[in-house]
Amino acid sequence: MKVPTFRVDASWPRPLPNHWLVGAVVGVAVDARDHVWIVHRPSTLQPNETRSIWRAAPPVLEFDQAGNLVSSWGGPGPGYEWPQLEHGIYVDAHDNIWLGAGGDHDAHILKFTRQGRFLLQIGRQGRGSGSNDTQNLGAPAHMVVDETANELYVADGYVNHRLIVFDATTGQYKRHWGAYGKRPDDTYFERAGERLPGPFSGAVQHENRPSQYDPNGPPPPQFRIVHAVRISNDGLVYVCDRTNDRIQVFGKDGTFLQEAFVAKETFGSGSVWDLGFSTDPDQTFAIVIDGTNQQVYVLRRRTLEVVSTFGGAGHWAGQFYGAHNLGIDSKGNLFITETYEGKRVQKFAVIGDSSAP
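Residues numbered from 1 in each chain as written. Predicted model: local features only at pLDDT ≥ 70, side-chain atom pairs only at ≥ 80, totals over all residues. Heavy atoms only, no water.

1. A few points about the overall build of the protein
Of regular secondary structure, the protein possesses one helix and 26 strands. The C-alpha atoms of the protein give 19 Å as radius of gyration, which agrees with the globular expectation for 357 residues (21 Å, within 12%). Expressed along its principal axes, the backbone C-alpha trace of the protein runs to roughly 50 × 50 × 40 Å. The buried share among the 357 residues of the protein stands at 58%. Counted over contacts in the protein with a minimum sequence separation of 6, partners at least 24 positions apart contribute 53%. For the protein, the computed accessible surface area is about 14200 Å², with 50% contributed by carbon and sulfur atoms. Of the charged side chains in the protein, 33 are positive and 39 negative; the average position of the first set lies 2 Å away from that of the second. (Helix = DSSP H or I, 4+ residues; strand = E, 2+ residues; numbered from the N terminus. Rg over C-alpha atoms; globule rule 2.2 N^0.38 Å. Buried < 20%, exposed > 50% of the residue type's maximum accessible area, 1.4 Å probe, protein only. Contact = heavy atoms within 4.5 Å. Areas by Shrake-Rupley, 256 points an atom, 1.4 Å probe, with all protein chains shown as cover. Lys, Arg positive; Asp, Glu negative; His and termini not counted. Charge placed at Lys NZ, Arg CZ, Asp CG, Glu CD.)

What follows is the structure, given as structure tokens:
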């Protein structure tokens, strides 16, 4: 087996039209056409960025494979509650666009057509009541649809500490679970005297200890920030427990199967932000991004052993400042967004062979 390697494509994407700029880019997804979708936070652009003729682009942007802007839409509208803070995007097999919501009062996700027509809202802003609420969410960060079962899996999130599943058509609640497949317990954090960092407010985040996470202690019994969820071809559910520096793997019914820590000594914003899979039929490798240490890790998916690393901190091509989300096209190319003051999406063309013999 050859471990895939990547080279940054500094020419992708092309400059935006209309003197548009993007703020913190907090979601990326690749559709069946290999078009790349991002969601960004216009509110994070600073006054010295939007002076003169420059202004924020719409929150949702679609690019073709060459990096040309194809479509743009998003923002408040009739019939739905636009997020306080945009977070996460997913394109399902029917070309529906799902958007997360990362503000501290955001308790919902949204579903649109690819043209931006509103279809569905799950949860209501300001109504979340904790990690066992079956009607509302808690700053949901990311989502994925299991097409075989027509179920939506939500990484929920910054306020809540769980994975929750809904019917992808009706939004009806199906099931939820916390770390190790158990019922989540929000009082764990209160009893520990712990206060987690809230959703990003635009202020600089210092990478110190935001909690009582102890890399030398027993594995934490609860999720902290559930930042991403992915489903592999063989039906395993992978959850990024970001500020616990770990991946947990489940069956679709919530049965706990496996966990692994990545860069376990990482405090602050944590090390496991998002993951994706190589494009060979067995999905031999998992690719994990780390927006604190500004690294990309290549893992063997079965064992979750790190076999390769690339990246580094900075603003040059191929470096990161807040590597946040990951998309992979049909060829195995990576698209990595940056939050905070990174404010971009970069393409990393695959130059290795990710297929297994």
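Next comes the rest of the description.
2. Notes on the nonpolar core
Counting residues in hydrophobic clusters, the biggest one holds 27 residues, and the most contacted among them are Trp98, Ile109, Leu152, Tyr153, Val154 and Val237. Of all elements in the fold, only strand S11 (118-122), strand S12 (142-146), strand S13 (151-156), strand S14 (162-167), strand S16 (226-231) and strand S17 (237-241) reach the threshold of two or more residues within this core. The contacts of Ile109, once residues within four sequence positions are left out, are Trp98, Leu99, Gly100, Leu120, Gln121, Ile122, Leu137, Pro140, Met143, Leu152 and Val154. (Core = buried A, V, L, I, M, F, W, Y, C linked by side-chain atoms within 4.5 Å.)

3. Considerations on the sheet that holds S12
Ordered in space as S12-S13-S14-S15, the four strands form an open sheet in which the pairing is antiparallel. For this open sheet the edge positions go to S12 and strand S15 (173-177), each flanked by a neighbour on one side alone. Across the sheet, the mean angle separating the axes of adjacent strands is 20° when strand polarity is ignored. When S13 meets S14, the two strands line up antiparallel, connected through six bridges. Across the sheet, residue Leu152 finds its bridge partner in S14, namely Phe166. (Pairing = 2+ DSSP bridges. Axes fitted to C-alpha atoms, helices over the stretch in contact; angles between N-to-C directions.)

4. Observations concerning the layout of surface pockets
By volume, the largest pocket is sized at about 830 Å³. Within the residue set of the lining of the largest pocket, elements represented by two or more residues are strand S3 (24-30), strand S8 (86-91), S12, S16, strand S20 (274-277) and strand S24 (323-328). Taken together, the residues of the lining of the largest pocket sort by class into 14 nonpolar, nine polar and eight charged. Empty space within the second largest pocket amounts to approximately 450 Å³. Taken together, 23 residues form the lining of the second largest pocket, with Pro13, Val22, Lys343, Arg344 and Val345 sitting closest to its centre. (1 Å grid on protein atoms, 1.4 Å probe; cavity = no way out; pocket = protein on both sides within 12 Å on 5 of 7 lines; lining within 4 Å. Points joined across faces, edges and corners; volume = space filled by probe spheres on them. Nonpolar A, V, L, I, M, F, W, Y, C, P; charged D, E, K, R; others polar.)

5. Notes on the environment of Tyr158
Take Tyr158: it is sitting in the loop between S13 and S14. Among the residues examined, Tyr158 registers a relative accessible area of 9% and is labelled buried. Separated by 69 residues in sequence, Tyr158 and His227 have C-alpha atoms that sit 7.5 Å apart. Here His227 takes part through its side chain, which lies 3.0 Å from a polar atom of the side chain of Tyr158. (Polar contact = N/O pair within 3.5 Å; in protein donor to acceptor, adjacent residues only side chain to side chain.)

6. A short note on the sheet that holds S3
Here four strands make up an open sheet; going across it, the order is S3-S4-S6-S7 and the pairing antiparallel. On the outer flanks of this sheet lie S3 and strand S7 (69-73), each paired with one strand and no other. Averaged over neighbouring strand pairs, the angle between their axes works out to 20° when direction is ignored. Looking at chain direction, S3 and strand S4 (residues 36-41) are connected through six bridges and run antiparallel. Across the sheet, Gly27 pairs through a bridge with Val39, a residue of S4.

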